[in-house]
Amino acid sequence: AIPIMFLIMLGEMLTLSGKKKSRAFILTLLVIWFAAIVTISVLGAKTGFDFKERYTSVERQIVQVDSLDLQVNLFEDDLKISNEMEYSFNNYLSIDEEEIKMGYARIEVLSTPDSIFYYTVERRSQGGTLKSAKINSEDVRYTIAQDGNVLNIPTRYSFPKSSKFRGQKVTVKIFVPQGKQVVLNGNLENYPLKVHTRTHFSDDFIEQSSTWKATDLGMEFKGFLE
C-alpha cells in the first residue's frame, strides 16, 4: 500500500509544484516502508529457519482379524463417510482455543507377502533443529480404532497451537496379506487415498464401497458392494 500512496503523493507534488508538507509525508512513508521490509525479512528468515530440519516417526500396529476381509471406515470428525454422501473433503483447517486440526491424512493400501494385516502411521513435521522437529512430530494427535474386523480411521489430525504450522503431515499405510481382502466403505472418490493396484488406479473404483484383493502384483479390484 505504501508504494501506491507514494506514487499518489509524487503525482500531487509534480502537478502542484510540491509542498513541504507533502515532502515530509513522503519521507515518513519511505521510513515506514523500509522498517516494514526489514521486519518482514527478519520474521521470514526466522520462520524459514524453523523448517530447516525434518523428522518422521513411524508407528506399526498389527491388526488381528478372524476372517479373510478387513473392513475400513473413514470418519470426518464423528461423521462416518457413507455411500450416500458426496463429500468434498475441503474442510482442510480449523482452529480453536487449544489446538489446530488439519486434513487430510493420506491413506495408502498395499499388498504384503506377510501373513497378517497391519498398518503404519507416519507422523512428519519440521523444525529449526532435529530435536524440535521430533517434538513437533510427537505432538501430532492421530488415533486409529479397531472394532473386531473393522478399522475406524479419522480423516483429520491435530496438534497443539503451541506447535504452530511446521509442515505436519500424517500418512497411513494399510498392508493386506496376499490372498486376503480389504473393504473400503463409503464414497471416497474425492479423498486423498491411493490403492497400489496391479493396473491403473481410477478414483471411479472408490465412488462407493469396494472390495480389493491382495496379489503378488498389487491390489486387485474385485467389485462394489451391494
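Everything below is about the structure shown above.
Fair warning: this is a prediction, and the values are worked out from it, not measured in the lab.

1. Here we look at the overall build of the protein
When you go through the protein residue by residue, the secondary structure sums to three helices and 15 strands. The C-alpha radius of gyration computed for the protein amounts to 26 Å, which surpasses the reference 17 Å derived for 226 residues by more than 25%, pointing to a less compact arrangement than a globule. By its C-alpha atoms, the protein is 90 × 40 × 35 Å across when sized along the principal axes. Among the 226 residues that make up the protein, the fraction classed as buried is 38%. A separation threshold of at least 6 residues defines the contact pool for the protein, and within that pool the share at least 24 residues apart is 69%. Charged side chains of the protein number 27 positive and 28 negative; the gap between the two group centres comes to 13 Å.

2. Here's the deal with helix α3 (residues 130–138)
Turning to α3, its buried residues number three or more, namely A133, N136 and S137. All buried residues of α3 fall inside an arc of 100 degrees around its axis, so they share one side.

3. Quick notes on unusual backbone geometry
Looking along the chain, the bond that leaves G103 and enters Y104 is cis, with omega of 5 degrees. Within the secondary structure, Y104 sits in the loop between β5 (99–103) and β6 (106–112). Phi is positive for K164, which is not a glycine, with a value near 60 degrees. Within the secondary structure layout, K164 lies in the loop between β10 (156–160) and β11 (169–177).

4. Section: the sheet that holds β10
Here we have three strands laid out as an open sheet, ordered β4-β5-β10, and antiparallel in their pairing. Each edge of the open sheet is held by one strand with a lone partner, namely β4 (93–95) and β10. Within the sheet, the average angular offset between the axes of one strand and its neighbour, ignoring direction, is 20 degrees. Pairing of β5 with β10 involves five bridges; the strand directions are antiparallel. In the sheet register, E99 faces β10, and the bridge partner there is P160.

5. Digging into the packing of aromatic side chains
Per the stated rule, a full pass over the model turns up eight aromatic pairs. Ring centres of Y104 and Y191 lie 5.8 Å apart, and the angle between their planes is 75 degrees; this geometry places the pair in the edge-to-face category. Of the two residues, Y104 is situated in the loop between β5 and β6 and Y191 in the loop between β12 (181–184) and β13 (193–195); the sequence distance between them amounts to 87 residues. What makes Y191 buried here is its relative accessible area of 4%. Aromatic side chains F159 and F165 sit 6.3 Å apart centroid to centroid with 85 degrees between the ring planes, which places their arrangement in the edge-to-face category. Here F159 falls in the buried class, since its relative accessible area comes to 0%. One aromatic cluster in this structure is built from F201, F205, W212, F221 and F224. Directly above the ring of Y118 sits R60, whose terminal nitrogen or CZ lies 4.0 Å from the centroid.

6. Structural notes on the pattern of salt bridges
Here the structure, examined in full by the defined rule, presents eight salt bridges. Two residues, D77 and K101, come together in a salt bridge whose shortest N-O distance is 3.3 Å. Placement of the pair is D77 in the loop between β2 (69–76) and β3 (79–80) and K101 in strand β5, with a sequence separation of 24 residues. Here D77 falls in the partly exposed class, since its relative accessible area comes to 40%. The residue E138 makes a salt bridge to K134 at a minimum N-O spacing of 2.4 Å.

About the criteria used
Residues numbered from 1 in each chain as written. Predicted model: local features only at pLDDT ≥ 70, side-chain atom pairs only at ≥ 80, totals over all residues. Heavy atoms only, no water. Helix = DSSP H or I, 4+ residues; strand = E, 2+ residues; numbered from the N terminus. Rg over C-alpha atoms; globule rule 2.2 N^0.38 Å. Buried < 20%, exposed > 50% of the residue type's maximum accessible area, 1.4 Å probe, protein only. Contact = heavy atoms within 4.5 Å. Lys, Arg positive; Asp, Glu negative; His and termini not counted. Charge placed at Lys NZ, Arg CZ, Asp CG, Glu CD. Arc of directions from axis to C-beta. Pairing = 2+ DSSP bridges. Axes fitted to C-alpha atoms, helices over the stretch in contact; angles between N-to-C directions. Phe/Tyr/Trp six-rings, centres within 6.5 Å; stacked < 30°, edge-to-face > 60°. Lys NZ or Arg CZ within 6 Å of the ring centre and 35° of its normal. Salt bridge = Lys/Arg side-chain N within 4 Å of Asp/Glu carboxyl O.

Shape descriptors only; they carry no functional weight alone.
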